[in-house]
Amino acid sequence: MTLLIEQCLNGLQFGLLLFLLAAGLTLVFGIMDLVNLAHGSLYMVGAYFAATFAAWTGSFVFGAVLALAATLVVGMTVEVIAMRRLYGRDHLDHVLGTFGLILFFDEAVRMIWGPVGISLPLPPWLNTSVQILPGFQYSAYRLAIIVVTLAAAAFLNVLVMHTRVGMLIRAGASNREMVGALGVNIKLLFTLVFGLGAALAGLAGLMQAPMLTAQIGMGENILILAFVITVIGGIGSIRGAFVAALFVGFVDTLGRAFFPDLMRLMLSKDAAATAAPALSSMLIYLLMAIVLVLRPEGLFPVNKR
Amino acid sequence: MSATFNVRNVVVRGLLIALLLLPVYVGLSGDRFVLTLFTRIIILALAATSLNLIIGNGGMMSFGHAAYLGIGGYAVGILAREGIFNGFVQWPVALGASALFALIVGALSLRTRGVHFIMITLAFAQMAYYVIAGIARYGGDDGLTIYRRSQFVAPLDLSSKTQFYYLCLALLYASIYLIWRLVNSRFGMVIQGARSNDLRMRAIGYPTYRYKLVCFVIAGTLCGLAGVLLANYTEFVSPSIMYWTRSGDLIIMVVLGGMGSVLGPLIGAVALLVLEELLSNITEYWQIILGPLLLLVVLFARGGVDGLLVKSSAKVRS
């Protein structure tokens, strides 16, 4: 029973973390119609920045805040230099151009920080466990991730739904030209949205860093998951991304934890041992394939013009 | 393919002939490395050529094309592991498996369009990747060594480097010819019509879904063939052969060379892999140059290398 609760919390934590990445992707896609493969690179950059700044300042929180700001700046710089020129192009051009950026970022990180990953040690007050229920301990850091990501999601909700900037963002998503015609500085808005997405990716990266050291290529695996989420949720929909992220987080975590046991009930022990790891990693892709076949536009399709 | 004399035709024909004569140069200079490098280039050019059939002509942006490389390669690897080295068994099995996988993926994916199509093909390829990586009997993550190349009847011996090179080259040229015939046939016209306006093609009575599916399967099968060659070339297969970055590499070759032109992917493959080789000789961190270079190609050289060649040909003529 405690195992189930623990795995559910892990699923929640992973799902929320994925949401941070998927939210940025889906914002950028919904508003700028841009497929950004380099989103995972910003996640990686966030993790490396956090590890470096935390070592410099000697404080985890201070390092994290600095890393967040730095990722925001990197994101906005990338937008101004490269992404801006890709809007309105073919999706294939996006794939190729941002693939080039991945190569650039991976190699730049290798040059600056070396090929070996660097770890981000946790401060003692996070590196403990908390008693949530009588007789049930849970990692304080994972709990902190849940709190921070929920706060970020709430912030995003307020920003997009209840502020003037958010109104412009939503307006930009439904009709770009019209917003521009009404005298809104679209270029600046796009740069801000891209920076916001980058900062969210950086936040996800820096929170993941203490659990799985910051390393080259860390962004690429999780990027695919984030893409799966945006597609399941309906591209451009933040609400859809939230639901799909939690769904994928749970399916992936619980699948890995309990699928092998379930298989063992049905198959022989050897067959289960070979098939289970493969099947539990492909579970979410299977899920996405099913969703796309049944609802090609995703669970929460966004109505475009 | 008109016979007019211009820069593009000279370069393209020069390339085709140079590839034919390469083993002669190797025989004279003794530079074995060039032969190995170009065998690899030719195999990947075959994969890129097959991808171009669906991306360039069909407008189907598959981001999971490396899956067929993996399936073709693993068919050879798995059969070899089970003691079957006969090429007459290995190759048809590999092609059949690739075609079957393409049929399933295509049948489901072609219901979607645009970004969804990119993502669903990617998802299927990743599924295949994880399945292969999870099977411990065939090496799992570590891959599978192939102890003997595919066996054929007497004169054909794949372990001879020169013979293997010519086999790959012959298969590449045959595939390019096949695709050229296909693209210019009635079938190819329907596919290209569906790319520019699917609705209209259906309105005049073409079941475009079936046409596109057949096109998708042909491309998958040809890429499976490239996978067979690649496995024989490296004498080793690992799941990384079908990782999504490999699909990205194939897309780069197609776009770099020039989409939709039949010879474009060959030019793209040669350009990319030779560039990689040259850059990696200059600096250890060659990707930091290659990455922005790709971005520049996307931004400023639409139509890729072939497009540039055509443009410069037009200038010479005027």
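Residues numbered from 1 in each chain as written. Chains lettered and ligands numbered in written order. Predicted model: local features only at pLDDT ≥ 70, side-chain atom pairs only at ≥ 80, totals over all residues.

### Notes on the overall build of chain B
Then comes step 1: Each helix and strand in chain B was counted, giving 13 helices and two strands.
Then comes step 2: For 318 residues, the compact-globule formula gives about 20 Å, and the C-alpha radius of gyration of chain B, at 20 Å, lands near that figure.
Then comes step 3: Structurally, chain B occupies a C-alpha span of about 55 × 50 × 40 Å along its principal axes.
Then comes step 4: Counting all 318 residues of chain B, 49% fall into the buried class.
Then comes step 5: Across chain B, every contact between residues at least 6 apart in sequence was considered, and the portion connecting residues at least 24 apart equals 76%. (Helix = DSSP H or I, 4+ residues; strand = E, 2+ residues; numbered from the N terminus. Rg over C-alpha atoms; globule rule 2.2 N^0.38 Å. Buried ≥ 20, exposed ≤ 12 C-beta atoms within 10 Å, placed from the backbone. Contact = placed C-beta atoms within 7 Å.)

### Some points on the interface of chain B and chain A
Then comes step 1: The partner chain A presents 36 residues to the 38 residues of chain B that form the contact.
Then comes step 2: At the level of secondary structure, the elements contributing two or more residues to the side of chain B that touches chain A comprise α5 (114-134), α10 (244-257) and α12 (287-300) of chain B.
Then comes step 3: Looking at the side of chain B that touches chain A residue by residue, the class counts come to 28 nonpolar, eight polar and two charged. (Nonpolar A, V, L, I, M, F, W, Y, C, P; charged D, E, K, R; others polar.)

### Quick look at the pairing of strand β1 (residues 129-133) of chain A
Within a regular strand, side chains alternate between the sheet's two faces.
Residue and element names in this part refer to chain A.
Then comes step 1: Pairing between β1 and strand β2 (residues 136-139): four bridges, direction antiparallel. Each bridged residue has a counterpart across the sheet, and for V130 the counterpart in β2 is Y138.
Then comes step 2: Linkage of β1 to β2, two consecutive antiparallel strands, is achieved through a turn of two residues, within which G135 is found at a positive phi near 75°. (Pairing = 2+ DSSP bridges.)

### Observations concerning α12(B)
Residues and elements named next belong to chain B.
Then comes step 1: Over its 14 residues, α12 runs 20 Å from end to end, which matches the ideal 20 Å to within 8%, given 1.5 Å per residue.
Then comes step 2: Taken residue by residue, α12 has Q287, L290, G291, L294, L295, V297 and V298 as its buried positions. Taken around the axis of α12, the buried residues stretch over an arc of 155°, which confines them to a single face. (Expected span 1.5 Å × (residues − 1). Arc of directions from axis to C-beta.)

### So, the environment of B:A219
Residues and elements named next belong to chain B.
Then comes step 1: In this structure, A219 sits in helix α9 (residues 208-234).
Then comes step 2: Residue classification places A219 among the buried positions, given that 28 C-beta atoms sit within 10 Å.
Then comes step 3: Taking the C-alpha atoms as reference, A219 lies 16 Å from R246; in sequence the two are 27 residues apart.
Then comes step 4: Ignoring sequence-local partners within four residues, the contact set of A219 consists of S50, L51, L53 and I54.

### Some remarks on unusual backbone geometry
All names here are of chain A.
Then comes step 1: One non-glycine residue with positive phi stands out, namely D33, at about 55°.
Then comes step 2: Mapped onto the secondary structure, D33 falls in the loop between α1 (2-32) and α2 (39-57).
Then comes step 3: Taking the number of C-beta atoms within 10 Å as the measure of exposure, D33 has 19 and is therefore partly exposed.

### Some thoughts on the packing of helix α3 (residues 66-81) of chain B against helix α4 (residues 87-109) of chain B
Residues and elements named next belong to chain B.
Then comes step 1: For the pair α3 and α4, the least separation of the axes is 9 Å and the interaxial angle reads 145°. In the packing of α3 onto α4, the handedness of the crossing is right-handed. For the pair formed by α3 and α4, the contact residues are A67, Y68, I71, G72, A75, V76 and L79 on the first element and V89, Q90, V93, A94, A97, S98, F101 and A102 on the second.
Then comes step 2: Among the residues making up the contact of α3 with α4, the classes are represented as 12 nonpolar, three polar and no charged. (Axes fitted to C-alpha atoms, helices over the stretch in contact; angles between N-to-C directions. Left-handed = near helix turned anticlockwise from the far one by under 90°.)

### A word on the environment of A:A51
All names here are of chain A.
Then comes step 1: For A51, the position within the fold is in helix α2.
Then comes step 2: Overall, A51 belongs to the buried group, with 23 C-beta atoms counted inside 10 Å.
Then comes step 3: Along the chain, A51 and L86 lie 35 residues apart, while their C-alpha atoms are 32 Å from each other.
Then comes step 4: When near neighbours in sequence (up to four residues on either side) are disregarded, A51 contacts I118, S119, L120, A209 and A214.

### Considering the confidence of the model for chain B
All names here are of chain B.
Then comes step 1: Here chain B averages 88 in pLDDT, while 97% of its residues score no lower than 70.
Then comes step 2: Here helix α13 (residues 304-317) stands out as the element of chain B with the lowest mean pLDDT, 72, in contrast to α9, whose mean of 95 is the highest.
Then comes step 3: Scored by ipTM, the complex comes to 0.82, with pTM at 0.86. (pLDDT = per-residue confidence, 0-100.)

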